[in-house]
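Given next are the chains, with one letter for each unit.
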Amino acid sequence: MINVAILGYGTVGSGVFEVIKTNSEIVAKKAGQEVNIKYVLDLREFPGDPVMDVLVHDYDVILNDPEVEVIAEVMGGVEPAYTFVKSALMKGKSVCTSNKELVAKHGSELIEIAKEHGRNFFFEASCGGGIPIIRPLIQCITADDVQEIIGILNGTTNYILTKMSKEGLDFDTVLKEAQELGYAERNPAADVEGFDACRKIAILASITYGKNVDFEDIYTEGITNISDVDFKYANKIGYSVKLFGKAKKVDGKFYAYVAPVMIDDTHPLFSVNDVFNGIMVKGNVLGDVMFYGSGAGKLPTASAVVSDIVDAIRHLNDNVAVEWSSENLELTDIKNSEKKFFVRMSGDAESQKAAVEAAFGNVQVITLDDVNGEFAFVTDTITEARYEEAAAAFDNIITRIRIEL
């Protein structure tokens, strides 16, 4: 029998507790021995819940118990999670986490500490919820030079954009509905401003390219400026709008960004809708590989945490190598990247087309019968810098959305 502890009894923590208890025989078979939850740490009380039998309020009880071999950190946030995880690794305990903020900020350091102490720091659940993506990138896609990682990495924003597209609703209406359904937090900024997706693509890029990708260096744009009118244009030309997190290598240079993009039905992520996530990895030998599933939620995320617990038990005194150095990967300015742009502009298309083409080059003009006083156009492939230069000549641009090539 091996003893584990869970830090936090919120949505994910209670899910980890439930998965281990409900599937105890399956978990034991996979781990090679019985897995016993000796402690659950939380400041609250849970009267009538079975967790009360193992609930503690003092982290030191767990830290100083030599019988606890593996800890699952599912508290969220950077502190006190960072302090708890670091001290656990230094005590010779393996740690599994779903905490993308912690991993994005301190991942390389915690991996190194785990290595020094012959234990492991696993974080499968930090990206994509229940979708297995971290382990495949580390252990499976090893013979390829990965050219690109593209992901729909946030279920909340994908749900909002899907509803806006299919039902013609405005952003505020759908956001309120998402909050009522529990898909969005009362303060949804981390999701709708793109910060959550930014941390996730930073983690994925770091373990893919072996150097630390600082999430603060990644260009990040959320979905708050996307309107129902944008979807009217998109639907007319056969496009969908998604929030992408993307990391790409071009001629030895690295780009990363999070932003809304338009894609057509030939794109593999076109049909990833509602709260689901999808991640595509492009290798120079393997080609395109897709990962799809529930990107969040109690049990999908808990399942990924438990899979890490099992893996930590299997490699109890054997560090699993993860190539993620503390050296920062230098990102190239996004202004040098190329793409097409969808642009909405107030005014009359016929009278402004000449000026638009003089600034942007060839464009495809789009008008809608039920939308007056504006028009839209799609540019040819140009750099971000070229777009900004052209756009500076106009004071009537309503919005622009990148088109994923």
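The structure contained in this document is the topic of the report that follows. (Residues numbered from 1 in each chain as written. Predicted model: local features only at pLDDT ≥ 70, side-chain atom pairs only at ≥ 80, totals over all residues. Heavy atoms only, no water.)

1. A closer look at the packing of helix α7 (residues 155–167) against helix α8 (residues 171–180)
Definition in use: Axis angles are defined between N-to-C directions and span 0 to 180 degrees, where every axis is a line fitted to C-alpha atoms and, for a helix, only to the segment in contact. A run of DSSP states H or I qualifies as a helix once it reaches four residues; a run of E qualifies as a strand once it reaches two. Both are numbered from the N-terminal end. Here the word oblique covers every angle except those under 35 degrees (roughly parallel), over 145 (roughly antiparallel) and from 65 to 115 (roughly perpendicular). With the far helix as reference, a near helix turned anticlockwise by less than a right angle produces a left-handed crossing, and one turned clockwise produces a right-handed crossing. Any two residues whose heavy atoms approach within 4.5 Å at even a single point are treated as in contact. All amino acids are sorted into three groups, where Ala, Val, Leu, Ile, Met, Phe, Trp, Tyr, Cys and Pro are nonpolar, Asp, Glu, Lys and Arg are charged, and the leftover types, Gly among them, are polar.
The interhelical angle for the contact between α7 and α8, taken along N-to-C directions, is 130°, at an axis separation of 9 Å. The angle between α7 and α8 falls in the class oblique. Crossing hand, α7 versus α8: right-handed. For the pair α7 and α8, contact is made by Tyr159, Ile160, Lys163 and Met164 and by Phe171, Val174, Leu175, Glu177 and Ala178, respectively. When its residues are assigned to classes, the contact of α7 with α8 shows seven nonpolar, no polar and two charged.

2. As for the sheet that holds strand β5 (residues 94–97)
Here is the rule we go by: We call two strands paired when DSSP finds no fewer than two bridges between them.
Reading across from one edge, β3-β2-β1-β4-β5-β6 is the order of the six strands in this open sheet, with parallel pairing throughout. Each of the sheet's edge strands pairs with one partner strand only, and the pair in question is β3 (55–56) and β6 (121–122). Bridge analysis of strand β1 (residues 2–7) against strand β2 (residues 35–41) gives six bridges, and the strand direction is parallel. Paired with Ala5 across the strands is Tyr39, a residue of β2.

3. As for helix α2 (residues 24–31)
For an α-helix, the turn length of 3.6 residues means that residues three or four places apart are oriented alike. Which entries qualify depends on this criterion: Buried means the residue's accessible area, taken with a 1.4 Å probe over protein chains only, is under 20% of the maximum for its type, while exposed means over 50%, and partly exposed covers the values in between. Directions from the helix axis toward the C-beta atoms define the arc.
Listed in full, the buried residues belonging to α2 are Val27, Ala28 and Ala31. Taken end-on, α2 shows its buried residues confined to a sector of 100°, consistent with a single buried face. Of the exposed residues in α2, the ones pointing more than 90 degrees away from its buried face are Glu25, Ile26 and Lys29. Buried residues along α2 sit in contact with α1 (11–22), β2 and α12 (298–314).

4. Comments concerning the packing of aromatic side chains
How two aromatic rings sit relative to each other is given by the distance of their centres and the angle of their planes. To be explicit about the condition: Centre distance within 6.5 Å is the pairing criterion for rings of Phe, Tyr and Trp, where only the six-membered ring of Trp is used; planes under 30 degrees apart are then read as stacked, over 60 as edge-to-face, and the remainder as tilted.
Considering all chains together, one arrives at 14 aromatic pairs under this definition. Summarising the aromatic geometry, the rings of Tyr9 and Phe17 are spaced 5.8 Å apart at their centres and angled 90° between planes, so their arrangement reads as edge-to-face. The pair Tyr9 / Phe17 is uniform in exposure class, with both members buried. Taking the centre distance of 4.6 Å and the plane angle of 20° together, the rings of Phe341 and Tyr387 count as stacked.

5. Digging into the pattern of salt bridges
Rules: The term salt bridge refers to a pairing of a side-chain nitrogen on Lys or Arg with a carboxyl oxygen on Asp or Glu at a separation within 4 Å.
Overall, the coordinates contain 26 salt bridges when judged by the stated rule. Across the salt bridge formed by Glu404 and Lys246, the nearest N and O atoms sit 2.5 Å from each other. Note that Glu404 is positioned in the segment after β19 (397–403) and Lys246 in strand β10 (residues 239–250), a separation of 158 residues in sequence. Exposure remark for Lys246: the relative accessible area of 8% places this residue in the buried category. Each of Glu221, Lys339, Glu384, Arg400 and Arg402 takes part in a single network of salt bridges with overlapping partners.

6. Digging into the pairing of strand β4 (residues 68–73)
Just so we agree on the cut-off: Seen with the strands pointing away from the viewer, any crossover whose path from the first strand over the helix to the second strand runs clockwise is right-handed.
The buried count for β4 comes to five of six residues, which makes it a mostly enclosed element. Sheet topology places β1 next to β4; five bridges connect them, and they run parallel. Counted as the bridge partner of Ala5 is Ile71 from β4. As judged from the four bridges shared by β4 and β5, these two strands associate in the parallel manner. By the bridge assignment, Ile71 is partnered in β5 with Val95. Since β4 and β5 lie parallel, the crossover through helix α4 (residues 81–90) that links them has a hand, and here it is right-handed.

7. Section: the packing of α1 against α12
At a closest axis distance of 8 Å, the pairing of α1 and α12 adopts a crossing angle of 60°. Two packed elements cross with a definite hand, and for α1 against α12 that hand is right-handed. Along its contact with α1, which presents Thr11, Val12, Ser14, Gly15, Val16, Glu18, Val19 and Ile20, the element α12 presents Lys298, Leu299, Thr301, Ala302, Val305, Val306 and Ile309. Class assignment for the residues of the contact of α1 with α12 results in nine nonpolar, four polar and two charged.

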